[in-house]
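# What the coordinates show
Listed below are the residues making up each chain.
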Protein chains: 2
Amino acid sequence: METVSENRAFGGTQGVYKHKSEACGCDMTFAVYMPPQAKDGPVPVLWYLSGLTCTHENAMTKAGAQEYAAREGIALVFPDTSPRGENIANDDAYDLGQGAGFYVDATEEPWAPHYKMWTYITDELPKVLFRNFKLDEEAQGITGHSMGGHGALTIALTYPERFRSLSAFAPIANPTQSDWGRKQFTAYLGSDESRWRAHDASILMEEKGWHGPLLIDQGTNDQFLDLLKPEALAAAIAKRRQPAILRFQEGYDHSYFFMASFMEEHVAFHAEALYG
Amino acid sequence: METVSENRAFGGTQGVYKHKSEACGCDMTFAVYMPPQAKDGPVPVLWYLSGLTCTHENAMTKAGAQEYAAREGIALVFPDTSPRGENIANDDAYDLGQGAGFYVDATEEPWAPHYKMWTYITDELPKVLFRNFKLDEEAQGITGHSMGGHGALTIALTYPERFRSLSAFAPIANPTQSDWGRKQFTAYLGSDESRWRAHDASILMEEKGWHGPLLIDQGTNDQFLDLLKPEALAAAIAKRRQPAILRFQEGYDHSYFFMASFMEEHVAFHAEALYG
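Residues numbered from 1 in each chain as written. Chains lettered and ligands numbered in written order. Predicted model: local features only at pLDDT ≥ 70, side-chain atom pairs only at ≥ 80, totals over all residues. Heavy atoms only, no water.

## Observations concerning the overall build of chain A
Our working rule: In this description a helix means any DSSP run of H or I spanning at least four residues, a strand means any run of E spanning at least two, and both kinds are numbered starting from the N terminus. To get the radius of gyration, use the C-alpha atoms; to get the globule rule, take the number of residues to the power 0.38 and multiply by 2.2 Å. Classification of residues uses two cut-offs on accessible area relative to the type maximum, computed with a 1.4 Å probe and protein chains only: under 20% is buried, over 50% is exposed, and between them is partly exposed. Here a residue-residue contact requires only that any non-hydrogen atoms of the pair lie within 4.5 Å. All accessible areas in this document rest on Shrake-Rupley with a 1.4 Å probe, and a residue is counted as covered only by the protein chains that are shown. Asp and Glu count as negative and Lys and Arg as positive, but His and the ends of the chain are not part of the count. Here the site of a charge means atom NZ of a Lys, CZ of an Arg, CG of an Asp or CD of a Glu.
Counting secondary structure elements, chain A contains nine helices and nine strands. The C-alpha atoms of chain A give 17 Å as radius of gyration, which agrees with the globular expectation for 276 residues (19 Å, within 12%). Taken along its principal axes, the extent of the C-alpha atoms in chain A is 50 × 45 × 35 Å. Of all 276 residues assigned to chain A, the portion counted as buried reaches 63%. Of the contacts made within chain A by residues no fewer than 6 positions apart, 72% connect residues no fewer than 24 positions apart. Carbon and sulfur atoms make up 47% of the accessible area of chain A, which amounts to about 10200 Å² in all. Separation of charge centres in chain A, based on 23 positive and 37 negative side chains, amounts to 4 Å.

Right, here's the structure in full:
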C-alpha cells in the first residue's frame, strides 16, 4: 500500500492510498479519514460508497463528513467506484464501465476480468483496511449516495453480521426495474434476470429485512426520482414491518449539496450505533 | 444576470449566476449562498475570495461553509478569480493569467483590456449583488484563501468603511517581496514598484491598520510558507499594535482540508461582527 497524500483535517488525517488489487487486477485508490481519537486506539469505521462517475475523491472533498467524523470519533472510508486504467474495459456512457462498477462482480465479457467491485469492497479492501489502520472491525457502519446507496444497502443486507448501522442518500433502490440497473446488470451479469435479484435492495429488504438502525434520505426535487424508485424500497420496508427512518426532504435534489446538508445527521446516526 | 444553477442546501439555496461584466469585458460567473433566514428579509453577507487556479466553484463545493452560514444566518459570495474565455489573454503558468487575477486592475499589455479584478470585486459585483439578492449592504465581512486572502486583506484595508469584519486563511501576506506577487505585479502593473504598494497587505496594515475584528489562520506545515510570508504581516500587526487574532495551526497545510477545518470558526467570527 502506497500513500498518495495525507492532509491534516479537523485534528485528524485525511489520507489517500493506492494498492494493487487482486480482485480488480489493477491499482485501486481509496481514501481514509482517521479522526483525532485514533491516537488512543482503534476507532469505529463508516464506509461511504459513491455514485456514478465518482472516484474516491468526490465525497472526500465535497461531503463535509470529516468535521462530523472528528467530533464523533469515527473513521471514514471512501473507495473508488470501479477499476480504472487504459487497459480496462470502458464505455462512452457515464453509467457503464469506469466510474460505474455498480458494486457487482461481472461475469460477462468484456467486463469480467476486472469489474469485481463486490469482491473488492466486501473482501479485499476490508483486509487492507484492518491490516493498515487502527480500525475496530467489530464497529462498522455503511452508507452511500445513489449507486453507492445501492451498494451500501445490498452489501449490508447480504452481510448483516458485519454492520451495526445502515443508511443511504437517494439510493438506486430497485435497479432490476430501472434503467439505472437493467442496462448495467445485463452488461455485467448477463440477461438471466434471476441473477440480478441479489443486487436489488428492495428485493433483499422484502426477503431478509435488516437487524439494526436504518436511515434513508431522499430529496423531493431529485431529478432522478424515476430512476431511483424509492417507492419500491418504501413498500418493501412497509411490507416487512422493518424499523426504519425514511425521509423525503422537501426541495432537495440529487447533488452533493443535498448530501452535505444531511451528512451530520447520518454520521451522528452511525456513531450512536457504533459506540452504543 | 442569468441563473446557471440553484440547489437547496442546508435549508437555503446555493446558486450559481452569470452576467456580462463591463469591468472585465467578458461573462463572469459567481456563486451566492442564501441562508434560510433570507426569507424574512435582507441578511448579512460574507465575501469569500479564492486562491490561484480557483473558480467560483472550489470553495462553494469544498469549504463546507454553507452549513455554518445557514446556522448563523449570513449569505456567502464566491466570485471567480479572473476574467475567462478563449479571447482573453492567458499564460501557461498556473500563477499568471486566467485563474490568477491577483485582485488588481492591470495596466500593462496584454492584460489591461480584461484583467480588472479590483474594479470587478470592489465596484461592479457589489452592485449586481445588492440589486439582485436580499443582502444587507451595511453588514458585510470579507475573507479569502491564499491569493484570495491577499485580496480580502487589501480590499478591506482600502475600503474599511465597507466591511465590519476581516479574516483570511493562509493569505499571500507580503506579495511585493514574494515570487507570488513580484512576477504578477510586474506583468499586470508594470515594473514601477511604487505602484505595487497599494496591493500589499503587510504595507497597508503597517500604514493604515484596521478598525474591526481581524482573524488570520496559517498552517504550520503549509508547503508555501516561504511564498506567503506571514511573518511580514505579523510584524506589521505588532508594530501597529493592531488588535488581531493570528493563529499558526499545527500540522495543517495549504489545502482545502486546512481551510474547511477552520471555516466554522471564521463564519462564526464574522457572524458575531455582522449581527453585533
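## A short note on the state of the cysteines
In plain terms, the rule: Here, two cysteine sulfur atoms that lie within 2.5 Å of each other are counted as a disulfide.
One pass over the full model with this rule turns up zero disulfides over all chains. For C24 of chain A, which is in no disulfide, the shortest distance to another cysteine sulfur is to C26 of chain A and amounts to 5.3 Å. Classification of C24 of chain A by relative accessible area gives buried; the value is 0%. Here C54 of chain B is not disulfide-linked; the sulfur of C24 of chain B is the nearest cysteine sulfur, at 17 Å.

## Regarding the relation of the copies chain A and chain B
The line we're drawing: To line up the copies, we fit them by least squares on C-alpha atoms, keeping just the residues with pLDDT of at least 70 in both.
The transform that puts chain A on chain B rotates by 180° and translates by 0.0 Å along the axis, for an RMSD of 0.0 Å. Look at the turn and shift together and you get a two-fold axis relating the two. Judged by C-alpha distance, K62 of chain A is the residue of chain A that lies nearest the rotation axis, at 2.5 Å. Comparing interface residues between copies, 100% of those in chain A also lie at the interface in chain B; the contact surface is shared.

## Digging into the interface of chain A and chain B
Under the convention used in this document: Buried surface area refers to the total accessible area, computed with a probe of radius 1.4 Å, that the two partners give up upon joining, counted for both partners together. Salt bridges, as used here, are contacts in which a Lys or Arg side-chain nitrogen is within 4 Å of a carboxyl oxygen on Asp or Glu.
Contact with chain A, which involves 23 residues of that partner, is made by 23 residues of chain B. Both faces considered, chain A and chain B share a buried interface measuring about 1800 Å² in area, 52% of it formed by carbon and sulfur atoms. Inspection of the chain A/chain B interface yields zero salt bridges. Counting residues per element, the side of chain A that touches chain B draws most heavily on helix α9 (residues 256-274) of chain A, at five residues.

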